[in-house]
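This is what each chain is made of:
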Amino acid sequence: MLKTTEPVIAIVVPCYNEESALKHTMPELLKILSNLAEKGDISEESYILCVDDGSRDATWRDICALASSYPGRVHGVALAHNRGHQYALLAGLMTAKENCDAAISIDADLQDDPQAIVAMVKQFKAGSEIVYGVRRSRETDTWFKRNSARAFYKLQRAMGLETVYDHADYRLMSKRALDILSEYGEQNLFLRGIVPQIGLTTSIVYYDRAERVAGESKYPFKKMLAFSIDGITSFSAKPMQWIFNIGILILAVDIIVAIYVLVSHFCGNTVSGWSSLMLSVWFLGSLILIAIGVVGEYVGKMFMEVKHRPRYNIRDRV
C-alpha cells in the first residue's frame, strides 16, 4: 500500500478508436477525481490511466495531449497492436497496480455511470477489496439484447461459471486483489470469470446504464457471441461432458432402432429405408462435426496456453 493518508485511486480506461468519445469522457472522469480529492475521500495523487489498444484513429494522440494538459493526473499506455478489450484492460490494471491502492476499470463510452465511482470508493474505504458495478435494470435495451444477455448468464450458470449477473468490467479492485489477479497467467482472458475466483471481501454498487456518448459499439453481436464462447470454454469442461451424455443417449436410441429393424426384418415387414437412413446420416454427421468443433475449441486453447507468449506488448507510455 502507498504511504498516503487517503487511498490513491487509478481509473483505468481501455480505448479502441475512441477519438470522439474521449473529449466527453475525460472531463467527466477528471471532475469526479477532483471532487473526491477535494472532499478528502481519495489522495491528490489519484489519476486516470488510458490504454490505447492499437487504435487506428487519433486516440493515442489525444491521450498524449491530455497527459500534457493534466500532468500527473492523466497517464497513457499504448499497446504495440490491437489485442482486444480484455488484454487492454489487463495491461492497464497491471501497469497501475504498483502505483495505486485500488484501480477502477471503466469503458471510454460512459455507458457505465461514472458517478458510481463515488459509491465504489466508499465501499472500498469501508473494507471491500472488490466492488462490482452492476446494472440496475435492462429496460433501455432492445428486446433481443435483453433476452440474449439473460440467456448468456443462464448458460454460464448452467456451465458452472461463477459470474456476477449484469456485471461487465466496471469494477474496483484493491492492490491486493490486483496482485492476486497478476498470478493468473492464462492466455484466454475472461476477466468476468477470473475476478470472482479471487475471493476477498466483495460488494456491489448498482447503477443505470446509458447510451454511448459518442462513436459506435466495439461489441457487435458477432463479437459478443465469440466472447461468450471464450468465457464458457475457458472455465468449464461441461460442453464436452454434454457431448458424451448426448452420445450415450443416441447409443440407447440406436439400440432401440436396431431391435426394431431386426424384428421388422425377420417378420418380413422391411421396406425401403432410404429416408430414415439419410436422416440418420445427416443427424449423426452434424453431431459429429459439432463434437469435433467443441473439442477443437479446447485443443486450440491448450495450444495457445502452452506457448506462454506474452499477452500484450507495450509500445509507448506517457
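Counting from 1, residues in each chain are numbered in the order their sequence is written. The predicted origin of the model limits local features to residues at a pLDDT of at least 70 and limits the giving and counting of side-chain atom pairs to 80 or more, whereas totals for whole chains, interfaces and linings rest on all residues. Side-chain measures were taken over the full set of non-hydrogen atoms in the model, leaving aside hydrogen atoms and water.

A. Structural context of the side chain of D53. Relative to the assigned elements, D53 resides in the loop between β2 (47-52) and α2 (59-69). The exposure class of D53 is buried, given its relative accessible area of 2%. Polar contacts here mean pairs of N or O atoms no more than 3.5 Å apart (in protein, one a potential hydrogen donor and the other a potential acceptor; neighbouring residues in sequence count only if both atoms are side-chain atoms). At 2.9 Å, the side chain of D53 forms a polar contact with the side chain of N82. Starting at the N terminus, helices and strands are each numbered in turn, a helix being any DSSP run of H or I of at least four residues and a strand any DSSP run of E of at least two. Per-residue accessibility, obtained with a 1.4 Å probe over protein chains only, is compared with the maximum for each type, and a residue is labelled buried under 20%, exposed over 50%, and partly exposed between these values.

B. Main features of the packing of aromatic side chains. In this analysis, rings of Phe, Tyr and Trp, with Trp reduced to its six-membered ring, are considered paired at centre separations within 6.5 Å, and the interplanar angle assigns stacked below 30 degrees, edge-to-face beyond 60, and tilted for intermediate values. Following the criterion strictly, the structure yields one aromatic pair and no others. Seen from their ring centres, Y170 and Y207 are 5.3 Å apart, and the 80° between their planes marks the pair as edge-to-face. One end of the pair, Y170, is in strand β6 (residues 167-174); the other, Y207, is in strand β7 (residues 202-207), with 37 residues separating them in the sequence. Of the residues examined, Y207 reaches a relative accessible area of 3% and is grouped as buried.

C. A look at the nonpolar core. Residues belong to a common nonpolar core when they are buried Ala, Val, Leu, Ile, Met, Phe, Trp, Tyr or Cys residues joined through side-chain atoms within 4.5 Å. Counting 34 residues, the largest nonpolar core has I11, V13, I48, I104, I117 and Y170 as the members making the most contacts within it. Top contributing element to this core by residue count: helix α1 (residues 19-38), with eight residues. C100, A103, M173 and Y312 belong to the second largest nonpolar core, which has 32 residues in total.

D. Structural detail: the pattern of salt bridges. Every case where a carboxyl oxygen of Asp or Glu lies within 4 Å of a side-chain nitrogen of Lys or Arg is listed as a salt bridge. What the rule picks out here adds up to eleven salt bridges. In this structure, R171 engages D169 in a salt bridge whose closest nitrogen and oxygen atoms are separated by 2.7 Å. Each member of the pair R171 and D169 is classed as buried. Three or more residues joined by partner-sharing salt bridges are found here, namely K97, E98, K175 and D179.

E. Main features of helix α7 (residues 191-198). Most of α7 sits inside the fold, with seven of its eight residues counted as buried. Considered for burial, the residues of α7 that qualify are L191, R192, G193, I194, V195, P196 and I198. G199 occupies a position one or two residues after α7 and carries a positive phi of about 85°.

F. Quick peek at the side chain of T59. Among the structural elements, T59 can be located in helix α2. Take T59: its relative accessible area is 0%, and that puts it in the buried class. In what follows, a contact means two residues having at least one pair of non-hydrogen atoms within 4.5 Å. Other than its neighbours up to four places away in sequence, T59 contacts C15, N17, E18, E19, L22 and D52.

G. How the structure looks around the packing of α1 against helix α4 (residues 116-125). Where α1 meets α4, the closest approach of the two axes is 10 Å, and the angle between their N-to-C directions is 40°. Taken together, the axes of α1 and α4 are oblique relative to one another. Note that α1 runs across α4; the crossing there is right-handed. Contacts between α1 and α4 involve L29, I32 and L36 from the former and I117, V118 and V121 from the latter. Under the scheme applied, nonpolar residues are Ala, Val, Leu, Ile, Met, Phe, Trp, Tyr, Cys and Pro; charged residues are Asp, Glu, Lys and Arg; polar residues are all the others, including Gly. Looking at the contact of α1 with α4 residue by residue, the classes come out as six nonpolar, no polar and no charged. Under this scheme, a helix contributes an axis fitted over its contacting stretch, all axes are lines through C-alpha atoms, and angles between N-to-C directions fall in the 0 to 180 degree range. Throughout this description, any angle smaller than 35 degrees is read as roughly parallel, any larger than 145 degrees as roughly antiparallel, any in the 65 to 115 degree range as roughly perpendicular, and the remainder as oblique. What makes a crossing left-handed is the near helix being turned counterclockwise from the far one by less than a right angle; a clockwise turn instead makes it right-handed.

H. Inspection of the sheet that holds strand β4 (residues 102-105) at higher detail. Pairing between two strands requires that DSSP report at least two bridges joining them. Taken together, the eight strands give an open sheet; going across it, the order is β7-β5-β6-β4-β1-β2-β3-β8, and neighbouring strands pair in mixed fashion. Each end of this open sheet is capped by a strand with a single partner; those strands are β7 and β8 (314-317). Each strand axis lies, on average, 20° off the axis of its neighbour in the sheet, ignoring direction. Here β2 pairs with strand β3 (residues 74-79) via five bridges, running parallel.

I. Expanded view of unusual backbone geometry. The phi dihedral of L110 falls on the positive side, at around 60°, and the residue is not glycine. Positionally, L110 belongs in the loop between β4 and α4. Owing to a relative accessible area of 10%, L110 belongs among the buried residues under this scheme. The phi dihedral of L200 is positive, around 65°, even though this residue is not glycine. Turning to its location among the elements, L200 is positioned in the loop between α7 and β7.

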